[in-house]
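Examining the three-dimensional arrangement
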Amino acid sequence: MRRFVIFLLALAVAVVGCSSQGEEIATVGDATIHLADVGALFEGDTMPIDDVFLDTLFRLMAVEALDQAVAAEFGAEVDPAAVESYVAEFEATMAEQDLTPAQFIGIADASFEMVRFNAELLALRDLAIERLLVAPETVEALFADPVALTTVCVRHILVETPEEADGVLARLQDGEDFAALADEVSLDTGTPGGDLGCAAATGYVTEFAQAAVAAPLGEIVGPVETSFGFHVLTVSERTAPTREDYLADPRTVLPDSEISRVWTDWLNDVLQTADAWVAERYGTWTPIGIRAPEAETTTTSSAG
């Protein structure tokens with residue numbers, strides 16, 4: 001079953017939508033979140049005031065903070081057509097697999113509004129990433145770090161000790177074949193001939209990536225110590241985009257891991273600096289979730 005999980009965890013709480021806005025339970029900047037806003041995401045008649053409720057409220061607040069940040073930093077807002085595109089995709093999947101909203105999302109009592117909420121989140125994330133990737137500060141940071149945008153074609157031999165690495169270096173300098181030696185002694189038995197192929201440098205641990213980016217092409221270098229052991233390596237090819245190449249289509253140039261890092265760093269900063277407030281009976285806002293009141297009980301609140 002396909003599931004669409006937003007941020008760190010899926011939403012989960014049993015509630016029902018209301019005909020009126022009801023109690024004001026939180027604010028983000030000038031925006032107010034009502035009890036009914038949570039209720040609209042679920043089917044049911046009551047709303048347990050528990051950890052799951054707080055998790056849901058946090059995600060609503062986080063989305064509002066992100067929406068305000070996109071507007072303030074980039075002067076942008078989500079295109080309704082982008083939201084509807086995701087909604088249509090979700091509806092098609094639900095119809096094809098004969099799923100209810102709760103089954104599709106994988107959360108008990110989810111209403112169709114939660115499906116739409118997921119669509120809005122994805123469209124907001126896409127917009128933020130699109131603008132972040134071409135923001136001057138992002139571009140400057142990426143091009144200041146040689147590892148971030150470089151692709152390397154590497155072979156390596158991994159051993160346990162620096163003495164073993166020195167022995168490997170000596171044998172290679174005496175003319176032994178790299179691939180044959182890798183097959184004989186390397187701890188990386190899943191890489192025939194030690195050939196890692198061509199990949200983004202960011203996919204390797206820091207020390208290995210830095211060595212692969214700095215190594216003279218065609219030369220044997222090492223030992224390079226990482227958490228895996230000691231490496232002897234050689235780089236046959238290395239490529240990196242120009243700024244023009246990058247700006248023309250960042251998503252095809254930047255590794256997925258770097259796109260995720262750029263997005264996550266910005267997301268965390270937005271949540272850290274959010275002007276957010278939660279009604280005392282529900283707890284206290286923090287950038288990683290809403291902390292429940294110390295005297296939290298199993299109180300149940302009407303959603304209407």
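Bear in mind that the values here come from a model prediction, so they are computed numbers and not experimental data.

Looking now at the environment of E294. With respect to the helices and strands, the residue E294 is situated in the loop between β10 (289–291) and β11 (300–302). Put simply, E294 and R281 are 13 residues apart on the chain and 10.0 Å apart in space, counted from C-alpha to C-alpha.

The next subject is a negative patch on the surface. Negative charge collects at one region of the surface, where E160, E163, E164 and D166 lie side by side. The exposure class assigned to E160 is exposed, which follows from its relative accessible area of 58%.

One pass over the full model with this rule turns up seven aromatic pairs. Between Y86 and F90, the aromatic rings sit 6.0 Å apart at their centres with planes inclined by 40 degrees, giving tilted as the arrangement. In this pair, Y86 and F90 are both assigned in helix α3 (residues 80–97), four residues apart and thus about one turn of the helix distant. Looking at Y86, the relative accessible area reads 18%, which means it is buried.

This paragraph deals with the sheet that holds strand β1 (residues 24–28). Two orientations exist for strands paired in a sheet by backbone hydrogen bonds: parallel and antiparallel. If you trace the three strands from one edge of the open sheet to the other, you get β2-β1-β8, paired in antiparallel fashion. Unpaired on one side and paired on the other, β2 (31–34) and β8 (276–278) mark the two borders of the sheet. The mean angle between the axes of side-by-side strands here comes to 20 degrees, regardless of whether they run parallel or antiparallel. Alignment of β1 against β8, held across three bridges, turns out to be antiparallel. Bridging from a neighbouring strand, T27 pairs with W277 of β8. Helix α2 (residues 51–74) contacts β1, β2 and β8 of the sheet and is inclined by roughly 35 degrees relative to β1.

Running from N to C, α2 and helix α13 (residues 256–273) point in directions that differ by 105 degrees, and their axes come no closer than 9 Å. By the angle between their directions, the pair α2 and α13 is classed as roughly perpendicular. Side by side, α2 and α13 meet where F58, A62, A65, L66, A69, V70, E73 and F74 of the first sit next to W263, W266, L267, V270 and L271 of the second.

It is worth spelling out the state of the cysteines at this point. Taken as a whole, this structure holds one disulfide when the rule is applied. Linked covalently through their sulfurs, C153 and C198 form a disulfide whose S-S length is 1.9 Å. The sign of the S-S torsion, about 105 degrees, decides the handedness of the disulfide formed by C153 and C198: right-handed. Remark: C198 occurs in strand β5 (residues 195–200) and C153 occurs in strand β4 (residues 151–159); sequence separation between them is 45 residues. Judged by its relative accessible area of 7%, C153 falls in the buried class.

This part covers the pattern of salt bridges. Here the structure, examined in full by the defined rule, presents 10 salt bridges. A salt bridge links E23 to R281, with the shortest nitrogen-to-oxygen separation between them at 3.4 Å. With E23 in the segment before β1 and R281 in the loop between β8 and β9 (284–286), the pair connects residues that are 258 residues apart, well separated along the chain. Its relative accessible area of 30% is what places E23 among the partly exposed residues.

To continue, consider the sheet that holds β4. If you trace the four strands from one edge of the open sheet to the other, you get β5-β4-β7-β6, paired in antiparallel fashion. At either margin of the open sheet sits one strand with a lone partner, and together these are β5 and β6 (220–226). If you compare each strand with its neighbour and ignore which way they point, the axes differ by 40 degrees on average. Sheet topology places β4 next to strand β7 (residues 229–239); nine bridges connect them, and they run antiparallel. For I157, the partnering residue across the bridge sits in β7 and is V232. Helix-sheet contacts for helix α9 (residues 178–185) involve β4, β6 and β7, and the interaxial angle to β4 is about 45 degrees.

Turning to the confidence of the model for the protein chain, a few remarks are in order. When pLDDT is averaged along the protein chain, the result is 88; 89% of the residues meet or exceed 70. Scored below 50 in pLDDT, residues 1–20 makes 75 contacts in the model with residues more than four places away or belonging to other chains. Low pLDDT, under 50, characterises residues 296–300; the predicted model gives this stretch 11 contacts beyond four residues in sequence or across chains.

What counts and how
Residues numbered from 1 in each chain as written. Predicted model: local features only at pLDDT ≥ 70, side-chain atom pairs only at ≥ 80, totals over all residues. Heavy atoms only, no water. Helix = DSSP H or I, 4+ residues; strand = E, 2+ residues; numbered from the N terminus. Patch = residues over 30% accessible without salt bridge, like charges linked within 9 Å, V, L, I, M, F, W, Y side chains within 5 Å. Areas by Shrake-Rupley, 256 points an atom, 1.4 Å probe, with all protein chains shown as cover. Salt bridge = Lys/Arg side-chain N within 4 Å of Asp/Glu carboxyl O. Lys, Arg positive; Asp, Glu negative; His and termini not counted. Charge placed at Lys NZ, Arg CZ, Asp CG, Glu CD. Buried < 20%, exposed > 50% of the residue type's maximum accessible area, 1.4 Å probe, protein only. Phe/Tyr/Trp six-rings, centres within 6.5 Å; stacked < 30°, edge-to-face > 60°. Pairing = 2+ DSSP bridges. Axes fitted to C-alpha atoms, helices over the stretch in contact; angles between N-to-C directions. Contact = heavy atoms within 4.5 Å. Parallel < 35°, antiparallel > 145°, perpendicular 65-115°, else oblique. Disulfide = S-S within 2.5 Å. pLDDT = per-residue confidence, 0-100.

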